[in-house]
Amino acid sequence: MSSHARTDAAEEGETETKKERFTGSGMARVEDHRILTGEAEYIHDKAPEDSLHMALLRSVHPHADIVDIDTSEAEDHPGCHLVLTAEDIKAEYNPMPAGLEGFEEWSLADGRARYVGEPVVAVIADDRYVAEDVVDLVNVKYDQLDCVVDPREAREDEVVVHEEFGTNVGDHEELVFGDPDSAFEEADHVIEKSYSWGRISGVPLETAGVVAQYDDDTDSFDIDCNIQLHTLVDDTVYETLGYDPDDVNLDVPPDVGGSFGTKIAIHRYCCLAAMASKELNKPVTFVEDRIENLQGGDMHSTEREYDVKVALDDDGTIRALDFWFVDDFGAWPRYPVNQVLKPLSVLTNAFDVQDARYEYDLVLTNKTCQTAYRGFGVPSHLYALEMLVDDAAEALGIDPDELRRRNLIEAHQMPYQLPSKNIYDSGDFPAALAHVQQRIEEERDGGLLDPETVEQKREEGKYRGVRPTVHIEPGVSGSDWTDRQRSDREGLEERNREDVAELPEHLRAEIRPDGTVKAYLATDTSGQGHQTLVSQLLADELGVLPSDIEVGYLDSETAPTEYGTAASRMAVMLSGAAQGLGKELVSNLERLAAETWDCDEDDVTYRDGAVVRVDGGGEETLSLAELAAQDDESGLTRASYDYEHPTTQLEQFDEALSKKLPVYPTAAFAANAPIVEVDTKTGEVDILKFYSLRDCGTQLNPTIVEGQAHGGLAQGIGAALQEEFGYDESGQPQAITLFDYKLPSIEHIPELELEHTETPSPFTATGAKGTGEGGMIDGPASLACSINAALEPLGVRADQIPFTPNRIRERIRQVEGEE
Amino acid sequence: MSADDTSGSLDRPTEDISLSINGESVSAEVEPRHKLSDFLRDAQDLRGVRVGCEHGVCGACTVLMDGQAVKSCLTYAVQADGTEIETVEGLAEDGALHPIQEAFHEEHALQCGFCTSGFVMASKELLDENPDPSKEAVEKGLADNICRCTGYQNIYDAVLRAADRMDGESTVDEEEEA
Ligand code: FES
Ligand code: FES
């Protein structure tokens, strides 16, 4: 299906312009060849000849005082080069930047361990095998302390994770929009429910890796690593080391084996390897193993307990919403992660509601720290909201489809401002919902939902159901709001537009002597095909072939401290930057040609990869190679461009920006209808078919768009049904191998019936909206609603994510017991 | 800080092995505890062999040993003594991609690509044994490999496309090729 779509797109382009346009076509990726042949060099592949290797000793206790660390036996091992403890690094370096004020976290546990897997000692040895031998020789004496695991309980402060901070509630805020109190008072009904969202995360197939090399002569560091957002979060490394940004060069390889947000928080490893490298004056390599990654790799994501309320009138009009939740941050508030605020950008999802309250407690517990993950706190919010709508429909006796339809934002209301001040750019949500409803209707007529089949299956204990829902994917991150928690709250009131940090994306390019183009991304990438996208876009701007354009990367020192890959940002930001850069380069080249010909700039024009003289005088042209040869000192064959973040160009966003409320200028959306079958005997959920109509504005490369949707939905399915970082009551993590953290395999992913519409964004240069987080954002909520539909006759709700077979069986037994 | 200048290593026992890797004979001295994955990656510089979990679940390290897919992270190098090992590096001939590699490219069956070598090798075992696999056979053949990025549909399509192509009678719409 998708491949036909891309052929069509290419053909259309041809007839339209008589020439192939690459943007909008499903061009296959330029990244693939090196990966397929095993030539790609991921961070795990980098190993300088003389590199030593690091291994970490990690706490086995969730909460314990470190009474003594005896390293003598380890140091006696002939393959051991260095043993580092907190004491060693405190003498020379700084604590790691924290996500909230008032915390001092060192790269190794300092006096107290606060979660299982927290690094306590680093050893550096000849190779990883020996390093692990050496780790076994380190003797740590612990005094165990009581621990706190349950986030609601943590609020009671019976066990406090950070004594000097005094409470486990790291932060708390209540945001009120409109007048929810009156609405709750006046409305005909108030429905109140609780839902929970378990710890899940991206679990990229490639773990973290670092090769750090200290240079004695220049007193500086070269650090190769697979950190995400390397130009933004490089401060987590240079500040910890206590060096200037110019002296700590982070370089990320062109191929990174997945991140999905998670790898922004791997700075601890970078710092430790760098410290060891300085001490030993040799390169030091660290490759995190999977068990380390799962239990103490600082890469778990959102875990939330929600108490939510909705006020409705008899006719089903939603009057107000009220969200309260506790978010379990784990043992430390991890810089730069703060996922509690982003849901404000989609506070009411696709519903037209203007009164709402949003309140949260951010708590600390004896668990692994939180990092970012695809969707950045939004998936759990949409889940809680959609569950609440289902429960409200049941309470009011209204058909849930009808309740949703009645409250959806209409196309004519676009652009639509949410009570929380973010703005949806464009889209027709009711039409999208109607479309998937139609697909479902077709299934009722002899298909998967044929009443006879459904009835027959039910007799076998298999309950089928589907419930269409619409979801917004807020796109194009700007980071200015993410440190709201670290800003003076009162000061926020005084803040105005001038105080808002700009968040552009940088791109540069140069014409090489052979006439080909070399472009440089200021961001890192982990499989999204950015090189392909930029080569497509620039090829169109310059009238050359994508194969004439090579795309490389800038390291943290060379690249401006700009933003990078986050929150479905790159399609919009890179396409805007490529367009701007192309125009800049073209005008440069025209100037250069005019200088060469000694004529007026109006007498030349750029056309199809050459500058042509148009002032009569024949068919004179200068090719890109010829122009490159002309370029002495003028630098006119080079250009760089910063594409401004769309919100900074639009007054409508000023209020949100200046109050540090999350702004996302694009609203990609999806209407989903997964048909599920729940086996009430085993509790297994079988997704028979997944209908999804998706819209991410202009599709720059439909193949990549489709790939993102498939991948996102697979993660959404895993999150909804099987993945979880559980903990037992004593604080021991329950998922420390991939046998326990159950990633979906090919057998778990159903047939996806994807369709796409294109509603270009009026706010972005190319109309693109971004699409990197979609399926993970909308998958879990839509599956939960379909499970609700299937289990309606039994009165069972998918009130806990993941809704695993044992939980389903438990709930069924519960309601049976109640009868 | 406590640095130790004495370099050198403990007495580490080794064994001699000889095997064929991608058609070439190799002899080496390895520690009995040395994993085949590490041996291939580090000693033989075949970095296309990836390690994602090192405990046998993800399949990123899949190579063929005497034609059978094995997880090289669960195999010791000494166990490969006398066998024929094939890795992803051995597939492309004179720069031309193997049909399986080509199909992965055309179907966009890779994103970050970290799982890809493993999937390609698992697909090779599958198609060598069963050139015309059913949907179920493909699912079974790839069920031991995890991909975190693609959602599998494209991988599945790639295997079927490769099967068509390797069969000689392509039913694939040629126009679809980029
Ligand atoms: S690395 Fe061998 S199965 Fe995961
Ligand atoms: S492509 Fe990333 S894990 Fe498969």
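Residues numbered from 1 in each chain as written. Chains lettered and ligands numbered in written order. Predicted model: local features only at pLDDT ≥ 70, side-chain atom pairs only at ≥ 80, totals over all residues. Heavy atoms only, no water.

With that settled, the discussion passes to the packing of aromatic side chains. What the rule picks out here adds up to 20 aromatic pairs over all chains. With a centroid separation of 4.6 Å and 40° between ring planes, the pair formed by Tyr269 of chain A and Phe286 of chain A is classed as tilted. Taken together, the positions of Tyr269 of chain A in helix H9 (residues 267-280) and Phe286 of chain A in strand S12 (residues 284-287) put the pair 17 residues apart, joining distant regions of the chain. Side by side, Tyr269 of chain A and Phe286 of chain A carry an identical accessibility label, which is buried. Aromatic pair Tyr424 of chain A and Phe429 of chain A: ring centres 6.2 Å apart, planes at 75°, arrangement edge-to-face. Side by side, Tyr424 of chain A and Phe429 of chain A carry an identical accessibility label, which is buried. Across from the ring centre of Phe184 of chain A, 5.2 Å away, lies the NZ or CZ of Lys309 of chain A, which sits over that ring. Lys135 of chain B extends its terminal NZ or CZ atom over the ring of Tyr156 of chain B, reaching a point 5.3 Å from the ring centre. (Phe/Tyr/Trp six-rings, centres within 6.5 Å; stacked < 30°, edge-to-face > 60°. Helix = DSSP H or I, 4+ residues; strand = E, 2+ residues; numbered from the N terminus. Buried < 20%, exposed > 50% of the residue type's maximum accessible area, 1.4 Å probe, protein only. Lys NZ or Arg CZ within 6 Å of the ring centre and 35° of its normal.)

So, on to the sheet that holds strand S21 (residues 517-521) of chain A. All names here are of chain A. Pairing within the open sheet is mixed, and its four strands lie in the order S22-S21-S20-S26. Each end of this open sheet is capped by a strand with a single partner; those strands are strand S22 (549-553) and strand S26 (638-643). Strand-to-strand twist across the sheet, computed as the mean angle between neighbouring axes with direction ignored, equals 20°. Direction of pairing for strand S20 (residues 505-511) relative to S21: antiparallel, over a ladder of five bridges. Bridge pairing in S21 places Ile511 opposite Val517. Against the sheet, helix H16 (residues 530-542) makes contact with S20, S21 and S22, and its axis sits at roughly 135° relative to S22, the strand it touches most. (Pairing = 2+ DSSP bridges. Axes fitted to C-alpha atoms, helices over the stretch in contact; angles between N-to-C directions. Contact = heavy atoms within 4.5 Å.)

This brings us to helix H21 (residues 774-791) of chain A. Helix length check: H21 of chain A (18 residues) gives 26 Å between terminal C-alpha atoms against 26 Å at 1.5 Å per residue, within 8%. The element H21 of chain A is extensively covered by neighbouring structure, given that 18 of its 18 residues are classed as buried. (Expected span 1.5 Å × (residues − 1).)

The subject of this paragraph is the sheet that holds strand S5 (residues 68-71) of chain B. Working definition: the strands of a sheet are paired by backbone hydrogen bonds and lie parallel or antiparallel to each other. Residues and elements named next belong to chain B. With mixed pairing, the five strands of this open sheet are ordered in space as S3-S2-S6-S4-S5. Either end of the sheet is taken by a strand with one partner, and the two such strands are strand S3 (24-30) and S5. Neighbour-to-neighbour, the strand axes of this sheet turn through a mean angle of 40°, independent of strand direction. Pairing geometry for strand S4 (residues 62-65) and strand S6 (residues 84-86), over two bridges, is antiparallel. From the neighbouring strand, Leu64 faces S6, where its bridge partner is Glu86. Against the sheet, helix H1 (residues 36-43) makes contact with strand S2 (15-21), S3, S4 and S6, and its axis sits at roughly 75° relative to S2, the strand it touches most.

Moving on, we get to the packing of helix H2 (residues 99-106) of chain B against helix H3 (residues 116-129) of chain B. All names here are of chain B. Two numbers describe how H2 lies on H3: the axes approach to 10 Å, and their chain directions differ by 125°. Taken as axis vectors, H2 and H3 run oblique relative to one another. At the point where H2 passes H3, the crossing takes the right-handed sense. Here Ile100, Gln101 and Phe104 of H2 lie close against H3, whose contacting residues are Thr116, Phe119, Val120, Ser123, Lys124 and Leu127. Counted by class, the contact of H2 with H3 contains five nonpolar, three polar and one charged residues. (Parallel < 35°, antiparallel > 145°, perpendicular 65-115°, else oblique. Left-handed = near helix turned anticlockwise from the far one by under 90°. Nonpolar A, V, L, I, M, F, W, Y, C, P; charged D, E, K, R; others polar.)

This part takes up the interface of chain B and chain A. Between chain B and chain A, the contact holds 59 residues from the first and 75 residues from the second. Between chain B and chain A, the buried area comes to about 5,600 Å², and carbon and sulfur atoms account for 56% of it. Across the chain B-chain A interface, the total number found is five salt bridges. When the shortest N-O distance is used, the salt bridge between Asp127 of chain A and Arg12 of chain B registers 3.3 Å. Linking chain B with chain A are 24 residue pairs in polar contact (both at pLDDT 80 or more). Those elements that provide at least two residues to the side of chain B that touches chain A are strand S1 (2-3), H1, H2, H3, helix H4 (135-142) and helix H5 (153-166) of chain B. Tallying contributions element by element places H2 of chain B first for the side of chain B that touches chain A, with four residues. (Buried area = accessible area lost by both parts, 1.4 Å probe. Salt bridge = Lys/Arg side-chain N within 4 Å of Asp/Glu carboxyl O. Polar contact = N/O pair within 3.5 Å; in protein donor to acceptor, adjacent residues only side chain to side chain.)

Attention now goes to the pairing of strand S5 (residues 119-125) of chain A. Residue and element names in this part refer to chain A. A large share of S5 lies buried, amounting to seven of its seven residues. In this structure, strand S3 (residues 80-84) lies alongside S5, joined through four bridges in antiparallel fashion. Looking at the pairing, Leu84 lines up with Ala122 of S5.

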